[in-house]
Amino acid sequence: MAEAALFSIADAILNQLGSKILQEAALLWGIGDDVQKLTRTLSTIQALLLDAEEKSYSPRNHLLQLWLKELRQVFYDAEDLLDDFSTELRRRRSSQGTAAVGERIAREVRNFFSGSNQISHGLKIAHGIQAVRARLDEIAERREMFDLVERPVAEPAVRRNDRLQTHSGVPHVVVGREIDKERIVELLMSCDCKENVFTVVPIVGIGGLGKTTLAQLVYNDERVKSCFELAAWVCVSENFDVKLIVEKIVESCTGEKLGGNMEMDTLRKRLFESINGRRYLIVLDDVWNEDGERWSRLKRLLMGGAKGSCMIITTRLKKVAKIATRMEPYELKGLSKSQSWSLFGEIAFEGREAMSGKCESIGREIVEKCRGVPLAIKTIAGALLFKETEREWAAFRNKEMWEVNQNENDIMSTLKLSYDHLPTHLKHCFAYCRLFPKDYELNVKTLIELWIAQGYVNSSDQSSQFGVGLEYFKDLLWMSFFQEAKQDEWGYIKYCKMHDLMHDLAVAVAGEESLNLEIASSLDTRSYDTPLSRIRHVSLNFAVKFPEELCQTSSFIVNNAEKLRTLFTVQRPWFWDPKVYNPIIFSNTTRLRVLDLSYFGMTVVSLSIHKLKHLRYLDLSGNKMTMLPKEIIELVNLQVLMLRDCRFLERLPKDIGNLLNLAHLALGGCTALICMPLGIGRLRFLRELSIFVLPEGGIECSTAAAGIGELGYMNNISGELMIHNLERVKNLSEGEAANLKDKQHLDQLVLSWESGRDGVVNVDEKLLEALRPHPNLKVLSLDSNAGLKCPSWLPSITSLVEISIDGCQHWKHLPSLDHLPFLAKLELSSLYSLEYIDSGVKTSWASTSSSFFPSLKSLKLMGCHKLKGWSTPSELLPQFPCVSEVTINGCLDIISIPHFSLHLQSLTLIGGSKELLKQILKIIPSSPPNHLCSPPASHSSHLESVYVDQVLDLDTLPEELLPRLSSSLKVLSISDCPELRTLSPYLPHHLTSLQDLSIYGCEELDLCDHITIVGSDGSNDIMQQFHGVLLPSLSSVDFKGIPRLISLPDWLQLAPSLKKIETRDCPIASIPGWMLKLPEMESLEMRHCKKSVEECLAEDWPKISHIPTVIINKVCIKKDGSCQPLNEEVEEENPSHVIGWFGGLPEREEGEEREETSKLLQFLRNCARVLGTCCNISGDVS
């Protein structure tokens, strides 16, 4: 099947032969006749390939398949030869820099006649072309054996009609699974298994029915999310590795990447910590394991969850379901006829209603053959996207569809039919994905770059290659060859996956030339029928750590596959010896177009890298070298150079500007770079340049370093650009020469000056004015500009979605930004002189509220100590229509701020005063009361989270707070308020939705006093009057650093859903008897308290023995009363402290006394103690 794309390979070679650079070289070396003869031979063969491709599908045509395989090898050799040819001329051009074309050709002619080397090289190329033509002639003579007929050379290319071009959204069509979803949800919600036991719900069905899709619908259902505290998704596929599954569950639960090198016992403990006492839902997708012992091992590890925990598994095999559970599996059926037709129409007739009328009867016959399998329906519908007439539809039905296998359990023939009807350039692209393992999350940008590197993307204009490749991807995505596409915040498709059946199809059509090796142990080379000399593409998947076998396997591959074009890893090993591997690569695999050596621990890149002259894609990310060899400049075909996370890399090669084809230079995380090389501005095709570092005057780099003006002609740059050290720009004309205003593809721009310096105010201000970006910019970050005012162009960048301004200490006011239609995030930090933000409000707020910050969702004001707010009084300002998150940190003087709408969900106040907190609460709207069920005082907002930190004069929560938040507040956190003495006398009465309560470092707070809980008849019998419920939703409380807390507050017994109580540095000496009345309790932790373990076991154990996890000081008490000491842990300071102190302190003014000095010093001492523990160092902060 791999021969299906031969037509496009021939087309690529013909394009090479006709290219300007090859024609010029042929003239230079006197081999024009040989090039023309090769072109004629190739054109003759290409005309037969379409007929040969179709006939080769029959298994009876074995000789034809062999003929095509042989032809394919010659085609590859021809490509390599012509690439040698053009590469030599590119190297000569790049070495001559920017010389004029006429002068360069004249110099070539002179060199030709003056050097025997030139004649030798010309003869070598001529002999190579003659040899290739002779092989082609010999193969072409045998075509008579197969009765091949010529077809028009114009291939049935994909019609890029308007519908396909404008369809930029991610296709997500789900039809006919509503009832199935409701049944599965009902099973989960009604699950009532015992504690420590989970219910397994198997979904069984043939491949392509949509088992994964159904599981995703259930997993993301809001009812399911609210029912389960913990959810994890693991795609298992064929490899049922218990350790790997546990690792993925822990990663999914914690959001932490474990890295793959954790021991099983440690993983077991981490898993238990994650699920202990919590109701969880785990989905194991695509399970094939029939080994009962493996299932038993996994089940034992998953014991410990709360009552009602569940697992969903999806599998094609009923036997797997029977091994996993005694529950009858949910057997997923195919779609009904009406559902199948609806799904088919969504794709095949999308945007062309006229076709649906003419072709409906034909379409229904075609759908009938798909047997209700959604994947088959979608792929066939996708294939018909390219059929524009009723005649084409009829031909598809009459010929291809009736050859499809009638077995409903085998849809591969249906999928293969869709592949057969792809244009050949898309066949190349799809087959290449065979290199990735099943369920691999493909990076779409990387995938397109790999396609381009292999020459699969047809575009005469290099600057538009990526865009054409993206259209290829979208075509395949829309036709369901890819699925599960994920978009980033800007709407770009970032990741996708392949259905496992599609992956099987890719393996089949890729044939013998592509190989994905899962290296789990030593390689048995005898298991490969295909000679390694025929293999062109290899990906290595190092599943297990085997150092010796790993190196041996890698060496074997590269030693015996000298014609490799691709070599990369999809899962890297923890052990790697670059000394063993690198020399072999650079010596033997000289035909590579793609090479990925990322994160291999290399400190030096081999000087032999120049031998890889065909290389288009090179990934050296995450290595430890300080510089790259100058020989890398000889890779004149290089299009992608990935250097992300090379933290020690100090500089790039000085002649990098000679890599004229370079389109992607990824430098994110290269924090040690000191400058950019002179001449980098010659890279006119560059699409990606994430960092541009300006040189410091006087250092060695500055004499050969690029100034900011070299950005001037690099107008194809897209994505993110960060320009550092702008204080080093001395010539203001360079700022204008950077030409940022013409970089229309940039999404994000960071302009950064060195912080904490005495900048030249006038220079910084004028430079920033000159660095005006294009109006298409979406994200702007300005850091430490020393000018006096904001640039005049800021309000005119109307596409901005995020604005971040930090450390611009002299700005006194900010222009009006409320008119920006897409601005969703505004962050102002350390603007120490800022007094006002212009509002732009000219009329009453009622008439302008819809246009006032219409899209703003997040507002952060931090360290703006003189900020009084907006220039218009609050009562005249419109409200923020959709702000949901507000953070105010260290802004003590705010008096005018717009009102918030009901969309506000999170409020953080760090620093400030009690009065400021009251003022902010007044501008939070509340919903009108429901007078049938609540008194007028219970007006409530939609605010869900409130964080109050370092409000030094706060003695009690404002009266305005609790009533307004009674039905919405879920999280309340209060920290470091030294004067706080009481929360509120009526706290339990109001916070009926509260789920998490955290209080840290409030030394005067007494949580046991001043809380009044009385019934309507004045009785103090709490349980009788309130039936044990005043805080129905409270599930977690966390008290730390409260010296007056000597016992747990009695009002906690009014929280029947309470699951976790944690205290630290609180002198608790007793445990109340009402703990028995909290049946949902899962964890009680009291660290650094006065209660000893012995006292707890002797006096209080009956009160708390029902709680699964009990920790007293540094001892864990198990349910049987036995004790286990805990490992010593480093106790970290509350992260909010760091935010508060470093975001909230103004610069010290001469003679200024600070009340916070002693507290800051104490915090620094704590930091030193933590660092000393972590790093085994000693020291003190005095």
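Each value, and the rule that gives it
Residues numbered from 1 in each chain as written. Predicted model: local features only at pLDDT ≥ 70, side-chain atom pairs only at ≥ 80, totals over all residues. Heavy atoms only, no water. Helix = DSSP H or I, 4+ residues; strand = E, 2+ residues; numbered from the N terminus. Buried < 20%, exposed > 50% of the residue type's maximum accessible area, 1.4 Å probe, protein only. Contact = heavy atoms within 4.5 Å. Areas by Shrake-Rupley, 256 points an atom, 1.4 Å probe, with all protein chains shown as cover. Salt bridge = Lys/Arg side-chain N within 4 Å of Asp/Glu carboxyl O. Axes fitted to C-alpha atoms, helices over the stretch in contact; angles between N-to-C directions. Parallel < 35°, antiparallel > 145°, perpendicular 65-115°, else oblique. Left-handed = near helix turned anticlockwise from the far one by under 90°. Nonpolar A, V, L, I, M, F, W, Y, C, P; charged D, E, K, R; others polar. Phe/Tyr/Trp six-rings, centres within 6.5 Å; stacked < 30°, edge-to-face > 60°. Pairing = 2+ DSSP bridges. Disulfide = S-S within 2.5 Å. pLDDT = per-residue confidence, 0-100. Core = buried A, V, L, I, M, F, W, Y, C linked by side-chain atoms within 4.5 Å. Right-handed = clockwise from strand over helix to strand, strands pointing away. Polar contact = N/O pair within 3.5 Å; in protein donor to acceptor, adjacent residues only side chain to side chain.

Asker: Tell me about the overall build of the chain, and please be specific about residues and values.
Answerer: Of regular secondary structure, the chain possesses 36 helices and 37 strands. Taking all 1182 residues of the chain together, the buried fraction comes to 53%. Looking at the chain alone, contacts between residues at least 24 apart form 68% of all its contacts between residues at least 6 apart. For the chain, the computed accessible surface area is about 51,200 Å², with 50% contributed by carbon and sulfur atoms.

Asker: Now, about the pattern of salt bridges: what can you tell me, with residues and values included?
Answerer: For the structure shown, the criterion picks out 50 salt bridges. In this structure, Glu 688 engages Lys 445 in a salt bridge whose closest nitrogen and oxygen atoms are separated by 2.8 Å. In this pair, Glu 688 is assigned in strand E16 (residues 688–689) and Lys 445 in helix H22 (residues 444–453), connecting sequence segments 243 residues apart. By relative accessible area, Lys 445 is classed as partly exposed at 27%. Through salt bridges with shared partners, a single ionic network connects Asp 77, Glu 79, Asp 80, Asp 83, Arg 135, Lys 563, Arg 565, Arg 591, Arg 593 and Arg 616.

Asker: Report on the packing of H22 against helix H23 (residues 465–478), specifying residues and quantitative values.
Answerer: Remark: H22 packs on H23, axes separated minimally by 9 Å, with the N-to-C direction vectors making an angle of 115 degrees. Classified by the angle between their axes, H22 and H23 sit roughly perpendicular to one another. Every pair of crossing elements has a handedness; the one defined by H22 and H23 is right-handed. Where H22 abuts H23, its residues Val 444, Lys 445, Leu 447, Ile 448, Glu 449, Trp 451 and Ile 452 lie against Gln 465, Phe 466, Gly 469, Leu 470, Tyr 472, Phe 473 and Leu 476. Considering only residue class, the contact of H22 with H23 consists of ten nonpolar, two polar and two charged.

Asker: A description of the packing of aromatic side chains should follow, citing residues and the corresponding values.
Answerer: Evaluated as defined, the whole model comprises 20 aromatic pairs. Here Tyr 219 and Trp 233 contribute two aromatic rings whose centre-to-centre distance is 5.4 Å and whose plane-to-plane angle is 80 degrees, an arrangement assigned as edge-to-face. With Tyr 219 in helix H9 (residues 211–219) and Trp 233 in strand E2 (residues 230–237), this pair connects stretches of sequence that are 14 residues apart. Classification of Tyr 219 as buried rests on a relative accessible area of 18%. Both rings, one in Phe 473 and one in Phe 482, keep their centres 5.1 Å apart while their planes meet at 25 degrees; by these two values the pair is stacked. For Phe 473, a relative accessible area of 0% gives the class buried. In textbook terms, an aromatic cluster arises when at least three aromatic residues are bridged by ring pairs, as seen for Phe 852, Phe 853, Trp 870, Phe 880 and Phe 900.

Asker: Lay out the sheet that holds strand E7 (residues 483–487) with the relevant residues and their values.
Answerer: Spatially, the three strands line up as an open sheet ordered E6-E8-E7, and their pairing is antiparallel. Both edges of this open sheet fall to strand E6 (442–443) and E7, since each of them pairs with a single strand only. For E6 and strand E8 (residues 493–497), the ladder comprises two bridges, and the chain directions are antiparallel. Its bridge partner lying in E8, Asn 443 is registered against Tyr 495.

Asker: Break down the sheet that holds strand E26 (residues 869–870) for me, with residues and values.
Answerer: An order of E22-E24-E26 is seen for the three strands of this open sheet, with the pairing classed as parallel. Among the strands making up the open sheet, the edge pair consists of strand E22 (813–814) and E26. Two strands pair when backbone bridges link them, and E22 and strand E24 (residues 836–837) are joined in this way by two bridges, in the parallel orientation. The residue bridging His 813 from the neighbouring strand is Tyr 836, located in E24.

Asker: Describe the state of the cysteines, with residues and values.
Answerer: A complete count under the given rule lists zero disulfides for this structure. Unpaired in terms of disulfides, Cys 808 finds its nearest cysteine sulfur in Cys 790, a separation of 8.4 Å. With a relative accessible area of 0%, Cys 808 lands in the buried category.

Asker: Tell me about the pairing of strand E34 (residues 1083–1087), residues and numbers included.
Answerer: The buried fraction of E34 amounts to five of the five residues, a majority that puts the element mostly inside the structure. A two-sided burial pattern is seen for E34, the buried positions comprising Ser 1083, Glu 1085 and Arg 1087 on one face and Leu 1084 and Met 1086 on the other. The sheet contact formed by strand E33 (residues 1060–1064) and E34 spans five bridges and is parallel. From the neighbouring strand, Lys 1060 faces E34, where its bridge partner is Ser 1083. Pairing geometry for E34 and strand E35 (residues 1109–1112), over four bridges, is parallel. Following the sheet pairing, Glu 1085 is matched in E35 by Ile 1111.

Asker: Pulling in residues and values, what's your account of the confidence of the model for the chain?
Answerer: For the chain, mean pLDDT is 79; residues scoring 70 or higher make up 78% of the total. Residue range residues 98–102 is modelled with pLDDT below 50. Its contacts to residues more than four positions away, or to other chains, number three contacts. Across residues 153–171, confidence stays below pLDDT 50; counting only partners more than four residues off in sequence or on other chains, it has 44 contacts.

Asker: Account for the nonpolar core, with residues named and values stated.
Answerer: In this structure, Leu 643, Leu 665, Ile 723 and Met 1075 are the most contacted members of the largest nonpolar core, which totals 165 residues. With near-sequence residues (within four places) excluded, Leu 665 lies in contact with Leu 641, Leu 643, Leu 652, Ile 656, Ile 680, Leu 686, Glu 688, Leu 689 and Ser 690. Membership of the second largest hydrophobic core comes to 94 residues, among which are Val 201, Leu 343, Ile 377 and Phe 482.

Asker: I'd love a proper account of the environment of Leu 751, names of residues and values included.
Answerer: Secondary-structure assignment places Leu 751 in strand E19 (residues 746–752). Leu 751 sits in the buried class, given a relative accessible area of 0%. Between the C-alpha atom of Leu 751 and that of Leu 771, which follows or precedes it by 20 residues, the distance is 8.7 Å. Setting aside its immediate chain neighbours within four residues, Leu 751 contacts Ile 723, Leu 726, Leu 740, Leu 768, Leu 771, Ser 781, Leu 782 and Asp 783.

Asker: Can you tell me about the pairing of strand E3 (residues 280–287), naming the residues and giving the values?
Answerer: Most of E3 sits inside the fold, with eight of its eight residues counted as buried. Bridge count between E2 and E3: seven bridges; the pairing is parallel. By the bridge assignment for E3, Val 234 is matched with Leu 284. As paired elements, E3 and strand E4 (residues 310–315) share four bridges and run parallel to each other. Opposite Ile 282, over in E4, you have Met 311 as the bridge partner. Handedness of the crossover joining E3 and E4 through helix H13 (residues 292–301): right-handed.

Asker: Explain the side chain of His 537 to me, using residue names and the numbers behind them.
Answerer: Relative to the helices and strands, His 537 is located in strand E10 (residues 537–542). By relative accessible area, His 537 is classed as buried at 1%.

Asker: Account for unusual backbone geometry, naming residues and giving values.
Answerer: The residue Asp 439 is not glycine, and still its phi comes out positive at about 65 degrees. By secondary structure assignment, the location of Asp 439 is in the loop between helix H21 (424–432) and E6. Phi at Glu 484 takes a positive value of approximately 50 degrees, unusual for a residue other than glycine. With respect to the secondary-structure elements, Glu 484 resides in strand E7.

Asker: Give a description of helix H2 (residues 20–29) that names residues and reports values.
Answerer: The buried fraction of H2 amounts to seven of the ten residues, a majority that puts the element mostly inside the structure. Along H2, the positions that sit buried rather than exposed are Ile 21, Leu 22, Glu 24, Ala 25, Ala 26, Leu 28 and Trp 29. At the C-terminal side of H2, Gly 30 shows a positive phi close to 70 degrees.

Asker: Account for H21, with residues named and values stated.
Answerer: Because each turn of an α-helix spans 3.6 residues, side chains separated by three or four positions end up pointing in the same direction. A large share of H21 lies buried, amounting to nine of its nine residues. Taken together, the buried positions of H21 are Thr 424, His 425, Leu 426, Lys 427, His 428, Cys 429, Phe 430, Ala 431 and Tyr 432.

Asker: Explain the side chain of Thr 325 to me, and be specific about the residues and the numbers.
Answerer: Relative to the helices and strands, Thr 325 is located in the loop between helix H14 (318–324) and strand E5 (330–331). Here the side chain of Thr 325 touches Met 327 through a polar contact of 3.0 Å, landing on its backbone nitrogen. Other than its neighbours up to four places away in sequence, Thr 325 contacts Val 200, Pro 202 and Lys 299.

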